[in-house]
Amino acid sequence: MASMLRFNGRVVLVTGAGGGLGRAYALAFAERGASVVVNDLGGDSTGVGKSSLAADKVVEEIRRKGGKAVANYDSVEEGEKIVKTALDAFGRIDIVINNAGILRDRSFSRISDGDWDIIQRVHLRGSFLVTRAAWDHMKKQNFGRIIMTSSASGIYGNFGQANYCAAKLGLLGLSNCLAVEGKKNNIHCNTIAPTAGSRMTQNILPEDLLESLKPDYVAPLVLWLCHESCEENGGLFEVGAGWIGKLRWERSLGALVRQKTQPMTPEAVKANWTKICDFDNATKPRSIQESIGSIVEALNKINSGEGVSANQTSHATSADTSGFAGAIGHKLPPFHASYAELDTIMYALGVGASVKEPKDMKFIYEGSSDFSCLPTFGVILAQKSIMGGGLAEIPGLSINLAKILHGEQYLELYKPIPRAGKLRCETVVADIMDKGSGLVVLLDVYSYSGEELICYNQFSVFVVGSGGFGGKRTSDKAKAAVAIPDRPPDAVLTDTTSLNQAALYRLSGDWNPLHIDSNFASLAGFDKPILHGLCTFGFSARHVLQQFADNDVSRFKAIKVRFAKPVYPGQTLQTEMWKEGNRIHFQTKVQGTGDIVISNAYVDLVPVSAAPAKTPSEGAGLQSTLVFEEIGRRLQNIGQEVVKKVGAVFEWHITKGENIAAKWTIDLKTGSGKVYQGPAKGSADVTITLSDDDFMEVVLGKLDPQKAFFSGRLKARGNILLSQKLQMILKDYAKL
């Protein structure tokens, strides 16, 4: 037996609670521990008259049973006064049941202005005024439950009730809007269309039917929708006689009735009318974003000269998944991802690397001796697979790009990403899963440098509203998220994102206006633009790399995350980490709110013993090795003289391809000077990075060092003016 739903400590306001449905709600809430404000003007079913008797009688009934209740006799047009009664008596307001109503039935031609206006004032404006008075109190306490009372007449229409129908369907629109606006503050708003015996129906329905349509058969739905454990929001329910059903909108697939650069005509509408009204393969839009998304998709098809294709997923109800046979294993067109050092630096800045943290310099300054590309830059190389429109071309699927969400991400590196390069990316649809409210498409992206595999990504793309076709819910091809350990974290790092973070991150290629345009963000249901999920992903991975690998990119093997909630630019990210062997579990929260934004995540590190050596033990195969050895031999004879002239320590990083192949130190500061392989013992005054070939060009006088520096072939860090003194060494003592 399920535990009893209680409302202890909650304050409930019920309008029109002097009889019928309102009385049933008030009694039921009070019986389960709520404090109740019983509002009733005390007039008749047409809104005429006023009396305190109806409300007082219900209050007395509640108190007699040991409950808490107070009466209010104001019109719903006095919303502030009604809510003030709740605040004065009980100190808060948690739940508002907009139930009050009257009838002024007339055929349309006989409705007077007065009959029209009073129905709108009581039903629609009254509900607005009472709810508005309670709204800010609900926002401050981060809880609220609101019920709007519509009617089958408003949903379907009914003869002689044009005024009533208009007001009742207007309440549904008001409720839908409040459901969207209140969601972030845990304020839920739902609409019911009850059929029950009341003052308004007692002269319409037969007596035996009235007995079967007791208000008591409606109240349980209202109580459940108002309970703190109920997550329903923005729903519409018909209810009566012990039966409850939920309603939703349905839209035909429709038809394009114009072509690009051609006029649209009524004759074209007529010719396509059957298709326009055909509800086979219908969709069921649930938000304005889905609605607009379909229009945008149609516009794209018009501009590309395509027609509307059959909606093969059609939010399908069929259990047959054979329609996806052509999708699974489908390869998207391959593409190339070219990037330079500037791109990797821009990405590092976009995910929070900063000059404030000295260890970050290797990611944001190309002149750093150990300049490296952040491992998570691998997702940037592959992201074109989901941003280039290829998803819409997968056979057997009809994907509205406005309805996709990035659910999870996996990235695995097979070697550190080169500091610059051009990779070939190949994408395949690995699998498709049915999650009920949508389908999940697994996209595997392999990125190659020549024939060498550099990295592998798996994008888990959630397509809203396309599930329920009876397909499998799991896949052995999916890289599984892993729950965090049940203990306090071993380490916690925080970073405050900039207000410009999304504007900066989007320069790495994710141009979605959701992250920069307030109007677009509003259409998607957000107060303001949100941060890219993959930006938060980059922040978190950087924290793990910093905390457990000392920013050594060669130790980064793989990362898996699940995106849970959005982040707003300016918020502070807090990454909590647990070390278990070479796997670092983590979750990321927004500091202040405690919201988990990345969950069930981990980074796999390469064991220290297995990581590639940072500095090759020998400079085997390098021409520069001969030069450094020769400098060392000659310093034995004239070292003291050179030390007096130079007085500096030079560290050299010699590269081969994109990697550092050897490090040498020329110490012309202490003793009689010396040359040795490896980084400086202490600190170097100047660190110079250049390729083995360019080093030889400089030594042989074929490449001017200054020109090499300004062209980017030679990079120097530290007191670069000291580099001028190297000319005498290279020319006078080491020319071969």
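Our structure's up above, just so we're on the same page.
The paragraphs below set out a description of the structure included in this document. (Residues numbered from 1 in each chain as written. Predicted model: local features only at pLDDT ≥ 70, side-chain atom pairs only at ≥ 80, totals over all residues. Heavy atoms only, no water.)

1. Some points on the overall build of the protein chain
This is how the line gets drawn: A run of DSSP states H or I qualifies as a helix once it reaches four residues; a run of E qualifies as a strand once it reaches two. Both are numbered from the N-terminal end. Exposure categories follow from relative accessible area, calculated using a 1.4 Å probe and restricted to protein chains: below 20% of the type maximum is buried, above 50% is exposed, and the middle band is partly exposed. Contact definition: two residues touch when any of their heavy atoms are within 4.5 Å. To be clear on the numbers: accessible area is Shrake-Rupley with a 1.4 Å probe, and residue cover counts the displayed protein chains and nothing else.
Each helix and strand in the protein chain was counted, giving 22 helices and 23 strands. Out of the 736 residues belonging to the protein chain, those deemed buried represent 49%. Intrachain contacts of the protein chain at a sequence separation of at least 6 include 71% that bridge at least 24 residues. Working note: accessible area of the protein chain is about 34,600 Å², and carbon and sulfur atoms make up 52% of it.

2. What about the sheet that holds strand 12 (residues 438-449)?
Our working definition: A pair of strands is labelled paired if DSSP reports no fewer than 2 bridges between them. In this analysis, axes come from line fits to C-alpha atoms, helices being fitted only over the stretch in contact, and the angle between any two N-to-C directions falls in the range 0 to 180 degrees.
Strand order across the open sheet formed by ten strands is 9-11-12-13-10-15-18-17-16-14, with antiparallel pairing between neighbours. The sheet is open, and its two borders are formed by strand 9 (331-339) and strand 14 (491-496), each paired with just one other strand. Strand-to-strand twist in this sheet, taken as the mean axis angle between neighbours without regard to direction, amounts to 20 degrees. Packing of helix 18 (residues 533-549) onto the sheet brings it into contact with strand 10 (404-413), strand 14, strand 15 (556-563), strand 16 (572-580), strand 17 (583-590) and strand 18 (596-605), and relative to strand 16 it is tilted by some 45 degrees.

3. Some points on the state of the cysteines
For clarity, the threshold we go by: Cysteine sulfur atoms are paired as a disulfide whenever they come within 2.5 Å of each other.
Inspection of every chain in the model, using the stated rule, returns zero disulfides. Distance from the sulfur of Cys-177, which forms no disulfide, to the nearest cysteine sulfur (Cys-189) is 9.5 Å. Just so you know, Cys-373 is unpaired, no disulfide at all, and the nearest cysteine sulfur is the one on Cys-455, 9.4 Å from it.

4. Thoughts on the pairing of strand 4 (residues 95-98)
When a strand is regular, its side chains alternate between the sheet's two faces. Just so we agree on the cut-off: Viewed with both strands pointing away, a crossover whose connecting path from the first strand over the helix to the second turns clockwise is right-handed.
On strand 4, burial covers both faces: Ile-95 and Ile-97 on one face and Val-96 and Asn-98 on the other are all buried. As defined by bridge partners, strand 1 (residues 11-14) adjoins strand 4 across three bridges and the pair is classed as parallel. Each bridged residue has a counterpart across the sheet, and for Val-14 the counterpart in strand 4 is Ile-97. The pairing of strand 4 with strand 5 (residues 144-149) spans four bridges and is classified as parallel. Each residue of the ladder has a partner; that of Val-96, found in strand 5, is Ile-146. For the handedness criterion, the β-α-β arrangement of strand 4, helix 4 (residues 113-141) and strand 5 is classed as right-handed.

5. Quick notes on the nonpolar core
This is how the line gets drawn: Here, the term nonpolar core denotes a set of buried Ala, Val, Leu, Ile, Met, Phe, Trp, Tyr and Cys residues that are joined through side-chain atoms within 4.5 Å.
Residues Ile-559 and Phe-586 are the most contacted members of the largest nonpolar core, which totals 70 residues. Counting residues per element, this core draws most heavily on helix 18, at nine residues. Residues Val-14, Tyr-25, Ala-55 and Cys-230 belong to the second largest nonpolar core, which totals 35 residues.

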